[in-house]
Amino acid sequence: MKSFDTSLDFTQIATNVLKDEAKSLLDSATSLPQILPNTALKNIISLILDSTSQGGKLIITGVGKSGHIGSKIAATLASTGTPSFFLHPTEALHGDLGMVSQNDIVLAISYSGTSSEVLAIIPHLKRKSKAIITMSKAKDSALSEYSEHFLPIFVEREACPINSAPMSSTTLTLAMGDALAACLMHARGFGKQDFGSLHPGGALGRKLFVKIADVMQKDNLPIITQDTSLKEAIIEMSQKRLGNAIIVENLKELKPIAILSDGDLRRAMMDKDFCLDSPALRYASKTPKTCNDENLLASQALEIIEKSKIQLLIITDKNSSLKGVLHIHTLLDAGITID
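In what follows, the accompanying structure is described.

What counts as what
- Residues numbered from 1 in each chain as written.
- Predicted model: local features only at pLDDT ≥ 70, side-chain atom pairs only at ≥ 80, totals over all residues.
- Heavy atoms only, no water.
- Pairing = 2+ DSSP bridges.
- Helix = DSSP H or I, 4+ residues; strand = E, 2+ residues; numbered from the N terminus.
- Axes fitted to C-alpha atoms, helices over the stretch in contact; angles between N-to-C directions.
- Contact = heavy atoms within 4.5 Å.
- Expected span 1.5 Å × (residues − 1).
- Buried < 20%, exposed > 50% of the residue type's maximum accessible area, 1.4 Å probe, protein only.
- Phe/Tyr/Trp six-rings, centres within 6.5 Å; stacked < 30°, edge-to-face > 60°.
- Arc of directions from axis to C-beta.

### Quick word on the sheet that holds strand 5 (residues 149–152)
In step 1: Strand order in this open sheet of 5 strands is 2-1-3-4-5, and the pairing throughout is parallel. The open sheet has two free edges, formed respectively by strand 2 (84–87) and strand 5, since each of these has just one partner strand. Sheet twist, expressed as the mean angle between neighbouring strand axes with direction ignored, is 20°.
In step 2: Both strand 1 (residues 58–61) and strand 3 (residues 105–109) contribute to a ladder of 4 bridges, which runs parallel. Bridged to T61 within strand 3 is A108.
In step 3: Running at roughly 165° to strand 2, helix 3 (residues 65–79) makes contact with strand 1, strand 2 and strand 3 of the sheet.
In step 4: The strands that helix 5 (residues 116–128) touches are strand 1, strand 2, strand 3 and strand 4 (131–136); relative to strand 3, the one it contacts most, it runs at about 170°.

### Quick look at helix 5
In step 1: Relative to the 18 Å expected for 13 residues at 1.5 Å per residue, helix 5 spans 19 Å between its end C-alpha atoms, a close match to the ideal helical length.
In step 2: Among the residues making up helix 5, those that are buried are V118, I121, I122 and L125.
In step 3: In this structure, the buried residues of helix 5 make contact with strand 1, strand 2, helix 4 (89–93), strand 3 and strand 4.

### Brief notes about the packing of aromatic side chains
In step 1: Taken as a whole and judged by the stated rule, the model has 2 aromatic pairs.
In step 2: On the numbers, 5.8 Å between centres and 65° between planes, the contact of F4 with F10 is edge-to-face.
In step 3: Accessibility expressed as a relative area gives 45% for F10, which makes it partly exposed.
In step 4: When the ring of F274 is compared with that of Y283, the centres are 6.0 Å apart and the planes differ by 50°; the resulting orientation is tilted.
In step 5: Overall, Y283 belongs to the buried group, its relative accessible area being 10%.

### What to know about helix 12 (residues 298–308)
In step 1: Along helix 12, the residues that are buried comprise A298, S299, A301, L302 and I305. An end-on view of helix 12 places all buried positions within 155° of arc, on one side of the element.
In step 2: Phi for K309, located one or two positions after helix 12, is positive at around 60°.

In structure tokens, the structure reads:
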């Protein structure tokens, strides 16, 4: 291993990088109203909204570090309601240009504004698309001369110790992409419901869209009748592994009248007249918590379970007949949460 100066304060070096990048963001935020007035940004937002409403997309292109940042910006835009994808300029020159349509808007990123790969594809993108937006350090850069709209990403210096590797500039580029995405979200009134619909696998998506019917258990239910002995009920509870037994009037209509939980069973054992041959109904809770709407959100079912301090919610149909059950562990394992 190559030796290094052990007297170096690496925490201070890291702190300086964070401070330098933060300063670049704050400097940009301070100067933005003069460089990019509301009217100019409003025109960009209107252009993108008009294009995407007609089936167009916001296509991001860039190379090197700008390309990596551009790919992330495209992902952020797509996940917040703006159809978008990243187009590598070299691949575009070899066939991917066919992905561009007349209603598309192109956002070309190059901090210097002189990236040869981007400049090579820009005339063709201008021919194929509706408009070009550029993101570079100067409005008069070679790249920006091709554009109708400009987003500034100028920094005084890079956080790199030798002021060469793109650090502050890529951080600012990413932040400007986030700013653009936020403006578009505000413009189209993009809310939590919209976000959840695009992220069904995320916590918010599960909370907003997973229903009781999607996660409730319908088969292998621990069902007993009102004349079932406590001993038989315990066997049923053990076999079905839900920690409860549902007591119904009869096995034909399956109308729940009580529920025997493991808590009820423990309390029963403290009874001086405890007897395994007694009817399980004697020790069961006579007012089981039920829900007759399987289309209720699973997150709302979890609220009912937690508020009622139970583990098992009985799901019935409109005629009060048993349809299934919902166990708290099933909801938690599925990633369902409540605020």
